[in-house]
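Single-letter residue listing:
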Amino acid sequence: MTEPSIWTRMTAENPEHSAAYIQRFRDLAAAGQDLFGEARLVDAMLPRGSRVLDAGSGTGRVGGFLAGVGHAVVGVDGDPVLVAEAERQHPGATWLIGDLAELDLPARGVPEPFDVVVCAGNVMTFLAESTRVEVLRRMRAHVAPGGRAAIGFGAGRGYPFEDFFADAAVAGWATDLLLSTWDLRPFTPDADFLVAILRSG
Ligand SMILES: C[S@@+](CC[C@H](N)C(=O)[O-])C[C@H]1O[C@@H](n2cnc3c(N)ncnc32)[C@H](O)[C@@H]1O
C-alpha cells in the first residue's frame, strides 16, 4: 500500500492546514508578491500550446499561470481542498485529485504524454520517503521522449540533494541543468535551494 504523503498526514492532524495555506497565498498576492517565478521559467522552456503536468499543483499557482499563457495544463494534487481552490481560481486547466506515487493519467482518460513536468513549491519534501523514486518514475513515464522536468525544493527539509540526484538517476532521468533559484542562479554545493532541469532519455 502507498504510504501517505507528509502533506496528507499534516492535513489529517490539522484540518485547518489547507485553508490556512490558501489564505497565506491570497495574502501574498494581495501584498503584490511575485508568485509566478517558477511558471515563467517553465514557460521559457516551451513553445506555446505545450502540454504541462503540474505535479503537486496545490492551488494551481504555477499551472494556472501556464494555462493562462496558452499551455494545456493538467495538475494533480493529493489535497482535495487545494484542488477545489485551483478549480475555482483557474478553470482553464484540468485539476485532478491523486497521489503522485500512483500517477496513471492514461487510466483517467488523459492519454497524451507531456512536454514538461513542473514540480514546484517543495512538493518533493512532502512526499513519503518510501515513494520518492516511484514518484520520479511516474513523472518520467508521463513525458514524451526527450521531455523534461523542472523540480525545485529547499535544503534542510529532509530530502538531501544528493539523495534526490541518486533517486532521479534510478528513475531514469538525466540531468540537463542544476540551478539554485528559479531566476537562473547556478547551483553550488552549499546552495540552500535546488532547481533541477531533468530530461527523459
Ligand atoms: C507547499 S504545496 C505546493 C503547491 C504548488 N506546487 C505550489 O508551488 O504552489 C505542496 C503540495 O504538494 C502536494 N503533495 C505532496 N505530496 C503529494 C503526493 N504524494 N501526491 C500528490 N500531491 C502531493 C500537497 O498536497 C501540496 O499541495
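Scroll up to find the structure.
Residues numbered from 1 in each chain as written. Predicted model: local features only at pLDDT ≥ 70, side-chain atom pairs only at ≥ 80, totals over all residues. Heavy atoms only, no water.

A. Highlighting the environment of Glu85. Mapped onto the elements, Glu85 comes out in helix α5 (residues 80-89). Each C-alpha atom, one on Glu85 and one on Gly58, is 8.2 Å from the other, the two residues being 27 residues apart in sequence. Leave out the neighbours within four places in its chain, and Glu85 touches Ile22, Arg26 and Thr59. Among the polar contacts made by the side chain of Glu85, one reaches the side chain of Arg26 at a distance of 3.2 Å. (Helix = DSSP H or I, 4+ residues; strand = E, 2+ residues; numbered from the N terminus. Contact = heavy atoms within 4.5 Å. Polar contact = N/O pair within 3.5 Å; in protein donor to acceptor, adjacent residues only side chain to side chain.)

B. Fine view of the nonpolar core. If you look at the biggest cluster of nonpolar residues, it comprises 32 residues, and the most contacted ones within it are Leu105, Met124, Leu136, Met139, Ile151, Phe164 and Trp173. Listing elements by their share of this core, those giving two or more residues are β1 (51-55), β2 (72-77), β4 (114-119), α6 (123-126), α7 (132-141), β5 (143-154), α8 (161-170) and β7 (193-200). It is β5 that contributes the most residues to this core, four residues altogether. What Met139 contacts, discounting residues up to four positions off in sequence, is Ala55, Val117, Cys119, Met124, Ile151 and Trp173. If you look at the next biggest cluster of nonpolar residues, it comprises 22 residues, including Val83, Ala120, Leu179 and Val195. (Core = buried A, V, L, I, M, F, W, Y, C linked by side-chain atoms within 4.5 Å. Buried < 20%, exposed > 50% of the residue type's maximum accessible area, 1.4 Å probe, protein only.)

C. Representation of the environment of Leu66 within the structure. Within the fold, Leu66 resides in helix α4 (residues 61-68). Once you skip the residues sitting within four places of it in the chain, Leu66 turns out to touch Ala39, Val42, Asp43, Val52, His71, Val73 and Val118.

D. Region of the structure containing the packing of aromatic side chains. Summed over the entire model, instances satisfying the criterion amount to 11 aromatic pairs. Arranged with centres 5.9 Å apart and planes meeting at 80°, the rings of Tyr159 and Phe164 form a pair that is edge-to-face. Neither Tyr159 nor Phe164 differs from the other in exposure class; each is buried. Ring-pair connections join several aromatic residues into one group, and the members of that group are Phe153, Tyr159, Phe161, Phe164, Phe165 and Phe187. (Phe/Tyr/Trp six-rings, centres within 6.5 Å; stacked < 30°, edge-to-face > 60°.)

E. Layout of the site of the ligand. In the neighbourhood of the ligand, 19 residues make up the surrounding shell, with Gly56, Arg61, Asp77, Asp99 and Leu100 lying closest. Within the side chain of Arg61, one N or O atom sits 2.7 Å away from an oxygen atom of the ligand. Taking Ala120, its main chain carries an N or O atom lying 3.0 Å from a nitrogen atom of the ligand. Within the complex, 97% of the 590 Å² of free accessible area of the ligand lies under protein. If you map the ligand onto the pockets, it falls in the largest pocket. Taken together, the residues that form the shell around the ligand break down as eight nonpolar, seven polar and four charged. (Near = heavy atom within 4 Å. Areas by Shrake-Rupley, 256 points an atom, 1.4 Å probe, with all protein chains shown as cover. 1 Å grid on protein atoms, 1.4 Å probe; cavity = no way out; pocket = protein on both sides within 12 Å on 5 of 7 lines; lining within 4 Å. Sits in = over half its atoms within 2 Å of the grid points. Nonpolar A, V, L, I, M, F, W, Y, C, P; charged D, E, K, R; others polar.)

F. Seen up close, the sheet that holds β5. The strand order β3-β2-β1-β4-β5-β7-β6 describes an open sheet built from seven strands, whose pairing is mixed. Taken across any chain shown, the strands that pair with only one partner, and hence form the sheet edges, are β3 (94-97) and β6 (173-179). Across the sheet, the mean angle from the axis of one strand to that of its neighbour is 20°, orientation sign disregarded. Relative to β5, β4 runs parallel, the two being bridged by five bridges. Among the inter-strand pairings, Val118 is bridged to a residue of β5, identified as Ala150. Across the sheet, α8 lies against β5, β6 and β7, angled at about 10° from β7, the strand it touches most. (Pairing = 2+ DSSP bridges. Axes fitted to C-alpha atoms, helices over the stretch in contact; angles between N-to-C directions.)

It is worth stressing that arrangement in space is one thing and function is another; only the former is reported here.
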